[in-house]
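Residue-level structural notes
Okay, here's what each chain looks like letter by letter:
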Amino acid sequence: ERHGSEGIAVLERFVVAARAQGALVLLDAKRGDIGSTMQGYADAYLDPARPLAVDALTVTPYLGFESLRPVLDAARTRAAGVFVVALTSNPEGPQVQHARTASGTVAGDILAAVAAENAGEPGQGSVGAVVGANLPSIREDLAVNGPLLAPGFGAQGGTVADLVRNFGAVRDLVLPSTSRDVLSAGPDPAQLRDAARRTVEALTAAFAP
């Protein structure tokens, strides 16, 4: 976005090319607003007819979980996914996410709301949560019957051991995310592939049943 329309045009071309190759595209946009504005985000990113249509979108629930309703409904009807920010890897996150509520913490309430969205769904539901891979500990219930996107793995300090410790009980749900750690091996495509392959192999070995 900082490059204006040219930057958005590059993003559009990338999304179309990646999906044409059969890749699932997750746009880490962390959108969050109310009413018609949130509907606009749902239309922009989860409507297959739009040029920026992706397979999944990250959103922030801190205007209230129900403010996400247009995106949640769009994901369900358009075979897409939503990842709701719950427990992030940045050091400022606990100021809001660990604030106490009547039932526990703000993050715990968000995770409970995600689980409620997925209740009764066969397999995993369309709604997932963002939970940092490099968190020192997690007390909230991560059994949301949906995927758990785990950023903070790699360059941000999260290790395979951290992932096993934090997500061992729900390892079938976790999607570890690493970008800078793999991209630092570039720009040579062969080296990028090797870095990605090594990461996958390490994670596969750690999460093997």
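Scroll up to find the structure this text is about.
For the structure given in this document, a descriptive report is provided here. Fair warning: this is a prediction, and the values are worked out from it, not measured in the lab.

Alternating residues of strand 2 (residues 56-59) divide into A56 and T58 and L57 and V59, and every residue in both groups is buried. Taken together, strand 1 (residues 26-31), helix 2 (residues 35-46) and strand 2 constitute a β-α-β crossover, and its handedness is right-handed. In this sheet, strand 3 (residues 81-87) lies alongside strand 2 in parallel orientation, the contact comprising four bridges. Bridging across to strand 3, T58 finds its partner in F83. In this view, the connection linking strand 2 to its parallel neighbour strand 3 by way of helix 3 (residues 69-77) has right-handed handedness.

The next subject is unusual backbone geometry. With an omega of 10 degrees, the peptide bond between G186 and P187 qualifies as cis. As for its placement among the helices and strands, P187 is situated in the loop between helix 7 (180-183) and helix 8 (189-206). You will see that K30, though not glycine, has its phi angle at about 50 degrees, which is positive. Tracing the backbone through its elements, the reader meets K30 in strand 1. Even without glycine at this site, N145 takes up a positive phi of about 55 degrees. Summarising the element assignment, N145 is placed in the loop between strand 6 (127-131) and strand 7 (148-150). For N145, a relative accessible area of 29% gives the class partly exposed.

What counts and how
- Residues numbered from 1 in each chain as written.
- Predicted model: local features only at pLDDT ≥ 70, side-chain atom pairs only at ≥ 80, totals over all residues.
- Heavy atoms only, no water.
- Buried < 20%, exposed > 50% of the residue type's maximum accessible area, 1.4 Å probe, protein only.
- Helix = DSSP H or I, 4+ residues; strand = E, 2+ residues; numbered from the N terminus.
- Right-handed = clockwise from strand over helix to strand, strands pointing away.
- Pairing = 2+ DSSP bridges.

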